[in-house]
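# Structural description and commentary
Single-letter residue listing:
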Protein chains: 2
Amino acid sequence: VKRLKTVTIIGVGLIGGSIGLAIRRRGLAQRVVGVGHRQSSLRTARHVGAVTNTTIDLAKGVAEADLVIVCSPVAAIVEHARLAARHCPQGTLITDAGSTKRSIVETLDDRLERGCRFLGGHPLAGSEKVGPAHADADLFERRVAILTPTAATRAEDFDLLERFWSSLGSAVIRMSADEHDRAMAATSHLPHAVASVLAVSLPETYFRLTGSGFRDTSRLAAGSPQLWKEVFTLNRDYVVAALGRFGQQLDTLRTAIEQHDETTLENLLIQAKKNRDALGS
Amino acid sequence: VKRLKTVTIIGVGLIGGSIGLAIRRRGLAQRVVGVGHRQSSLRTARHVGAVTNTTIDLAKGVAEADLVIVCSPVAAIVEHARLAARHCPQGTLITDAGSTKRSIVETLDDRLERGCRFLGGHPLAGSEKVGPAHADADLFERRVAILTPTAATRAEDFDLLERFWSSLGSAVIRMSADEHDRAMAATSHLPHAVASVLAVSLPETYFRLTGSGFRDTSRLAAGSPQLWKEVFTLNRDYVVAALGRFGQQLDTLRTAIEQHDETTLENLLIQAKKNRDALGS
């Protein structure tokens with residue numbers, strides 16, 4: 001990938017911080033500017049080497065950017081991308097790392113000021129850890145990064161981001177924002193909902209009776225309620241549909257157990273194991 | 001705990017093998033006899049040091065036992081305990097490590113031959129790994145072991161098993177077999193069912209789009225279909241009830257998302273995080 005002069009990362013949490021660290025370790029840019037709300041996070045991001053410069057002033061932070069990556073919480077991405085377009089060099093490419101895409105892409109596609117373009121992105125990487133202190137230069141190695149181009153997307157913008165994510169170790173998949181949101185409802189948002197319902201339904205008297213199985217299955221429930229409320233809200237239709245399908249499958253299992261239908265029960269468990277084994281550990 | 005001369009473990013998989021290894025590391029018995037179906041498993045169990053002697057002949061294996069621990073799959077525990085009672089020294093205590101208790105305890109309580117007694121047990125420890133090759137002497141450290149005495153249980157039998165599990169590092173909790181099964185439906189069987197439904201409902205085209213979140217939430221689905229069919233069957237009523245309650249909570253979440261009810265959504269996610277955080281990592 002051609003070396004960039006300045007990349008600006010808006011939002012230096014786990015994802016933004018890890019992108020910055022990965023850029024710097026691989027020498028993909030001369031300067032990595034981190035923009036954030038809190039001086040303490042920015043200090044940590046500098047301290048771990050995720051960024052070379054920091055500011056709480058978004059306008060100043062993007063002033064010399066060749067590429068802007070918005071890693072803010074999903075509900076803030078549209079606003080931050082618009083602000084970036086107003087203050088960055090003319091014709092700058094702006095992308096994001098948000099876990100929903102449709103509403104963001106629909107709002108920003110072909111509508112930014114001053115010749116700036118938005119191309120949606122979503123690295124499928126993460127952790128239950130939060131904040132730049134846990135930034136990991138290899139977070140995107142052997143992962144998938146999704147890009148969601150539209151009819152308005154320029155080929156060279158897509159190519160630049162494809163090379164960018166490839167350089168960070170990710171396999172790049174192209175899909176529409178709508179396909180992305182439908183897929184994520186099943187692969188990411190549904191598991192979070194299921195983990196949360198499992199955690200919320202556990203009576204306190206049973207806490208000490210849980211083992212590693214319960215902890216694994218409910219782990220995602222430790223994520224930020226605010227962030228996930230936004231995700232569920234932005235991807236409402238597909239999340240509701242995924243929850244509905246899951247509920248039906250759950251009914252199938254419950255009925256099979258209730259009615260001594262061992263064939264259905266066994267087939268379901270066999271297929272579930274087959275699918276899970278295919279995903280690896 | 002008083003040193004025993006011979007402990008016989010029927011079923012030397014991960015749990016049986018780990019119990020054997022833990023006994024030997026702590027010097028709790030002179031001999032640990034492993035009984036199994038397959039010579040290959042028995043050889044592995046000997047090789048890793050989980051047992052001192054092995055046999056595929058249950059009658060011979062229990063002939064000198066001071067304590068018999070049945071670690072067979074749940075559906076075989078009753079039969080193996082009865083066989084053990086027929087061939088072990090008169091008045092020997094027999095326990096188990098099965099993950100359901102009610103049907104086993106109801107069948108065996110106060111009904112074994114030749115003065116033998118059954119006292120149900122369940123160490124809340126495990127792993128997605130199977131087989132004696134993964135036996136771990138510390139598998140029960142800082143875990144919970146449940147004992148399910150009845151009105152017929154002798155105090156000295158309970159004391160022996162309480163000291164035994166304490167020696168292996170577990171906190172011993174006493175509850176009725178019925179309470180046990182109701183609790184496990186919520187803390188162990190429900191997560192397994194949920195993980196399996198999640199895994200089975202994933203379309204193959206989405207496999208490559210899953211991340212660590214999906215993998216954690218569905219991890220339990222990799223367990224043995226045969227074993228889990230037995231568990232769901234033996235604990236049918238409580239599992240069906242737990243699945244019903246879970247389904248209702250899931251409906252609550254789905255409705256909150258669908259109807260833009262942000263308060264209910266946020267409260268659910270906040271309470272879920274609170275519960276999950278209380279369980280530790």
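For every chain, the first residue of its written sequence is number 1, and the numbers climb from 1 along that sequence. To label them, take the chains in the order written and letter them from A, then take the ligands in the order written and number them from 1. The predicted nature of this model means local features are confined to residues of pLDDT at least 70 and side-chain atom pairs, given and counted, to a pLDDT of 80 or more, with totals for whole chains, interfaces and linings taken over all residues. Think of the side-chain values as coming from all heavy atoms in the structure, minus any hydrogens and water.

What follows concerns the overall build of chain A. Numbered from the N terminus, helices here are DSSP runs of H or I no shorter than four residues, and strands are runs of E no shorter than two. Secondary structure assignment for chain A yields 11 helices and eight strands. In this setup the radius of gyration rests on C-alpha atoms only. A globule is expected at 2.2 Å times the number of residues raised to 0.38. Relative to the compact-globule value of 19 Å for 281 residues, chain A shows a C-alpha radius of gyration of 21 Å, a close match. Its C-alpha atoms give chain A principal-axis dimensions of about 65 × 40 × 30 Å. Residue burial is assigned from relative accessible area. The probe radius is 1.4 Å, only protein chains are included, and a residue is buried under 20% of its type maximum, exposed over 50%, and partly exposed in between. Sorting the 281 residues of chain A into buried and exposed places 56% on the buried side. The contact definition used throughout considers only heavy atoms, calling two residues in contact when any of these lie within 4.5 Å. Relative to all contacts within chain A whose residues are 6 or more apart in sequence, the contacts with residues 24 or more apart total 73%. Approximately 11600 Å² of chain A is accessible, and the part contributed by carbon and sulfur atoms is 46%. Throughout, the Shrake-Rupley method with a 1.4 Å probe supplies accessible areas, and for residues the shown protein chains are the sole cover considered.

Bringing the sheet that holds strand β8 (residues 171–174) of chain A into the picture now. Residues and elements named next belong to chain A. Strand pairing is assigned whenever DSSP detects at least two bridges linking the two strands. Pairing is mixed across the open sheet formed by eight strands, whose spatial order is β3-β2-β1-β4-β5-β6-β7-β8. Of all strands in the sheet, those with a lone pairing partner are β3 (53–55) and β8, marking the two edges. Neighbour-to-neighbour, the strand axes of the sheet open up by a mean angle of 25°, direction not taken into account. Direction of pairing for strand β2 (residues 29–35) relative to β3: parallel, over a ladder of three bridges. Residue pairing for β3: Val-35 is matched across the bridge by Thr-55. Across the sheet, helix α7 (residues 177–200) lies against β6 (117–123) and β7 (144–148), angled at about 140° from β7, the strand it touches most. Structural elements are reduced to axes, namely lines fitted to C-alpha atoms, with helices fitted over the stretch in contact, and the angle between N-to-C directions of any two is expressed from 0 to 180 degrees.

Time to look at the packing of helix α10 (residues 236–258) of chain A against helix α10 (residues 236–258) of chain B. Between α10(A) and α10(B), the shortest axis-to-axis distance is 10 Å and the interhelical angle comes to 165°. Here α10(A) is positioned roughly antiparallel relative to α10(B), judged by the angle of their axes. The handedness of the crossing between α10(A) and α10(B) comes out as left-handed. Of the residues in α10(B), those in contact with Arg236(A), Val239(A), Val240(A), Leu243(A), Gly244(A), Phe246(A), Gly247(A), Leu250(A), Leu253(A), Arg254(A), Ile257(A) and Glu258(A) of α10(A) are Arg236(B), Val239(B), Val240(B), Leu243(B), Gly244(B), Phe246(B), Gly247(B), Leu250(B), Leu253(B), Arg254(B), Ile257(B) and Glu258(B). Angle categories are assigned with fixed cut-offs, so that under 35 degrees is roughly parallel, over 145 is roughly antiparallel, 65 to 115 is roughly perpendicular, and the rest are oblique. The hand of a helix crossing depends on one turn: near helix anticlockwise from the far one by less than a right angle means left-handed, and clockwise means right-handed.

Here the focus is the environment of Phe207(A). Along the polypeptide, Phe207(A) turns up in the loop between α7 and α8 (212–218). Taking relative accessible area as the criterion, Phe207(A) reaches 16% and is therefore assigned buried.

To continue, consider the sheet that holds strand β5 (residues 93–96) of chain B. Residue and element names in this part refer to chain B. Strand order across the open sheet formed by eight strands is β3-β2-β1-β4-β5-β6-β7-β8, with mixed pairing between neighbours. Across the chains shown, the open sheet's two edge strands, defined by having one partner strand only, are β3 (53–55) and β8 (171–174). The mean angle between the axes of side-by-side strands here comes to 25°, regardless of whether they run parallel or antiparallel. With four bridges connecting them, strand β1 (residues 4–10) and strand β4 (residues 67–70) associate as parallel partners. By the bridge assignment for β4, Ile-10 is matched with Val-70.

For the rest of this paragraph, the subject is the pairing of β4(B). Residues and elements named next belong to chain B. Going residue by residue along β4, you find Leu-67 and Ile-69 tucked away on one face and Val-68 and Val-70 tucked away on the opposite face as well. Pairing of β4 with β5, which is carried by four bridges, proceeds in the parallel orientation. The residue of β5 that forms the bridge with Val-68 is Ile-94. The path from the first strand over the helix to the second decides the hand: if it runs clockwise while the strands point away from the viewer, the crossover is right-handed. Crossover handedness for the path β4 to helix α4 (residues 77–87) to β5: right-handed.

Turning our attention to the interface of chain A and chain B. Taken together, the 76 residues of chain A in the interface contact 75 residues of chain B. Summed over both partners, the accessible surface that disappears when two parts come together, traced with a 1.4 Å probe, is what is meant by buried area. At the boundary of chain A with chain B, total buried surface from both sides reaches about 7300 Å², with 71% on carbon and sulfur atoms. Broken down residue by residue, the surface that chain A buries against chain B is led by Leu209(A), Arg276(A) and Leu279(A), which jointly contribute 9%. Basic side-chain nitrogens of Lys or Arg form a salt bridge, by our definition, when they fall within 4 Å of a carboxyl oxygen of Asp or Glu. Here chain A is connected to chain B by six salt bridges. Taking the shortest distance from any N to any O, the salt bridge between Glu266(B) and Lys229(A) comes out at 3.1 Å. Definition of a polar contact: a pair of N or O atoms within 3.5 Å, with one able to donate and the other able to accept a hydrogen when the atoms are protein atoms, and with sequence-neighbouring residues admitted only if both atoms are side-chain atoms. At the surface where chain A touches chain B, the tally comes to 18 residue pairs in polar contact (both at pLDDT 80 or more). Mapped by element, the contributors of at least two residues to the side of chain A that touches chain B are β7, α7, α8, α9 (225–234), α10 and α11 (262–279) of chain A. Only Asp, Glu, Lys and Arg are considered charged, only Ala, Val, Leu, Ile, Met, Phe, Trp, Tyr, Cys and Pro nonpolar, and every remaining residue, Gly among them, polar. For the side of chain A that touches chain B, a count of residues per class yields 42 nonpolar, 20 polar and 14 charged.

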